[in-house]
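Chains, contacts and geometry: an overview
Listed below, chain by chain, are the residues.
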Amino acid sequence: MDNIHRWYEGYQDVEGICRVVTLDEIRENDFNLNIPRYVEPVIEEESMTIDQAIANLKESLQAAYAAEDRLKALLEKEGLMA
């Protein structure tokens with residue numbers, strides 16, 4: 001709370017948290033005061049390569065297929081699936 005007050009009093013921009021905007025900019029945005037319109041959150045997650053994304057997808061697909069096979073076996077065992 002002290003930080004917010006200090007940023008306000010200091011008329012400060014803080015990346016990912018707050019930004020000072022003019023009334024003209026607010027007017028240009030049809031007086032829309034939604035925070036994401038003016039402040040972009042800082043994204044600190046690591047990006048992955050396409051090869052990593054494909055490997056993750058393949059791993060997830062294998063896990064999904066294995067789960068589906070287990071479900072089918074359980075349903076067959078209980079006589080709920082022929």
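On a predicted model such as this, the values are computed, not experimentally measured, just so you know.

What follows deals with the overall build of the protein chain. Each helix and strand counted, the protein chain has 4 helices and 0 strands in total. In terms of overall size, the protein chain is more extended than a compact globule, its C-alpha atoms giving a radius of gyration of 25 Å where 82 residues would be expected to give roughly 12 Å. Taken over the C-alpha atoms alone, the protein chain extends approximately 70 × 30 × 30 Å along its principal axes. A total of 82 residues make up the protein chain; the buried ones form 7% of that total. Considering only contacts in the protein chain between residues 6 or more positions apart, those separated by 24 or more positions represent 13%. Within the structure as shown, the protein chain displays about 7,800 Å² of accessible surface, and the carbon and sulfur contribution to it stands at 55%. Both charge centroids of the protein chain, one from 8 positive and one from 18 negative side chains, sit 6 Å from each other.

Scanning the entire structure with this criterion turns up 2 salt bridges. Residue Arg19 is joined to Glu25 by a salt bridge in which the shortest nitrogen-to-oxygen separation is 2.7 Å.

With that settled, consider the environment of Tyr8. Relative to the elements of secondary structure, Tyr8 occurs in helix H1 (residues 2-10). Since its relative accessible area comes to 64%, Tyr8 is described here as exposed. Through-space distance from the C-alpha of Tyr8 to that of Arg19 is 9.7 Å; in sequence the pair is 11 residues apart.

One number sums up the size of the largest pocket: a volume of about 390 Å³. Considering the residues around the largest pocket, the lining is formed by 16 residues, among which Gln12, Cys18, Arg19, Val20 and Val21 are closest to the centre. Put simply, the parts of the chain that give the lining of the largest pocket at least two residues each are H1 and helix H3 (35-38). Here the lining of the largest pocket gets 3 residues from one element, more than from any other, and that element is H1.

About the cut-offs
Residues numbered from 1 in each chain as written. Predicted model: local features only at pLDDT ≥ 70, side-chain atom pairs only at ≥ 80, totals over all residues. Heavy atoms only, no water. Helix = DSSP H or I, 4+ residues; strand = E, 2+ residues; numbered from the N terminus. Rg over C-alpha atoms; globule rule 2.2 N^0.38 Å. Buried < 20%, exposed > 50% of the residue type's maximum accessible area, 1.4 Å probe, protein only. Contact = heavy atoms within 4.5 Å. Areas by Shrake-Rupley, 256 points an atom, 1.4 Å probe, with all protein chains shown as cover. Lys, Arg positive; Asp, Glu negative; His and termini not counted. Charge placed at Lys NZ, Arg CZ, Asp CG, Glu CD. Salt bridge = Lys/Arg side-chain N within 4 Å of Asp/Glu carboxyl O. 1 Å grid on protein atoms, 1.4 Å probe; cavity = no way out; pocket = protein on both sides within 12 Å on 5 of 7 lines; lining within 4 Å. Points joined across faces, edges and corners; volume = space filled by probe spheres on them.

So far we have only geometry, and geometry alone does not tell us how the molecule works.
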